[in-house]
Amino acid sequence: MNKKFNILILNGPNLNLLGTREKNTYGIKTLKELTNQLNEKALSLNINIHHYQSNAEHAIIDKIHESKEKINYIIINPAAFTHTSIAIRDAFLAVNIPFIEVHISNIYARENFRSNSWLSDISNGVITGFELDGYFWALETAVKRLSNSFNKT
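Nothing here was measured: the structure is a model prediction, and the numbers come from that model.

*Asks:* What is the right way to read the environment of Val 143 from this model?
*Replies:* By the element assignment, Val 143 lies in helix H5 (residues 133-152). For Val 143, a relative accessible area of 6% gives the class buried. Separated by 70 residues in the primary sequence, Val 143 and Tyr 73 have C-alpha atoms spaced 8.5 Å apart.

*Asks:* Can you walk me through the pairing of strand S3 (residues 73-77) in this structure?
*Replies:* Two faces make up the sheet, and in a regular strand the side chains alternate between them. The buried count for S3 comes to 5 of 5 residues, which makes it a mostly enclosed element. Here S3 shows two buried faces, one formed by Tyr 73, Ile 75 and Asn 77 and the other by Ile 74 and Ile 76. Sheet topology note: the strand S1 (residues 6-11)/S3 ladder contains 5 bridges and is parallel. Note that in S3 the partner of Leu 8 across the bridge is Ile 74.

*Asks:* Got a minute to help me understand the layout of surface pockets in this structure?
*Replies:* Empty space among the atoms becomes visible once a probe the size of a water molecule is rolled across them. Considering only enclosed or pocket space, the largest pocket measures out at about 180 Å³ in volume. If you trace the largest pocket, you find 16 residues lining it, with Tyr 26, Ala 79, Ala 80, Arg 110 and Arg 114 closest to the centre. Here the lining of the largest pocket is built from residues that sort into 7 nonpolar, 6 polar and 3 charged.

What counts as what
- Residues numbered from 1 in each chain as written.
- Predicted model: local features only at pLDDT ≥ 70, side-chain atom pairs only at ≥ 80, totals over all residues.
- Heavy atoms only, no water.
- Helix = DSSP H or I, 4+ residues; strand = E, 2+ residues; numbered from the N terminus.
- Buried < 20%, exposed > 50% of the residue type's maximum accessible area, 1.4 Å probe, protein only.
- Pairing = 2+ DSSP bridges.
- 1 Å grid on protein atoms, 1.4 Å probe; cavity = no way out; pocket = protein on both sides within 12 Å on 5 of 7 lines; lining within 4 Å.
- Points joined across faces, edges and corners; volume = space filled by probe spheres on them.
- Nonpolar A, V, L, I, M, F, W, Y, C, P; charged D, E, K, R; others polar.

Rendered as structure tokens:
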């Protein structure tokens, strides 16, 4: 691969508490541990990876806006904003950056309201219910898709 891709891992509300909250649902690994493992994976894939987490909807929207022209792909775990944020949806539509939606838990096996996502239909795919593995699968998929599209040009 000649081009070094820039991928943003974007985490929404309460994911800063990974490893300490609802361990039966979200596991025991912290966000820092996940970030470190994703950084190692990014090195092996020869890509630039950027991380951002916020509990504030406007901060996530700002980060999506800032990514225009700088980021090739976004992997987002929108957490509770999945079910509530049309504004995040609109931000993705405005910047036209491909993205994959990731959820640690299976949102379809939880409360009814969690099965609605305002992002799924505009995403390149959704990975839900495979714990933290979903982040790594999304990262590999993003690199594969970017490489395929780069090699076509």
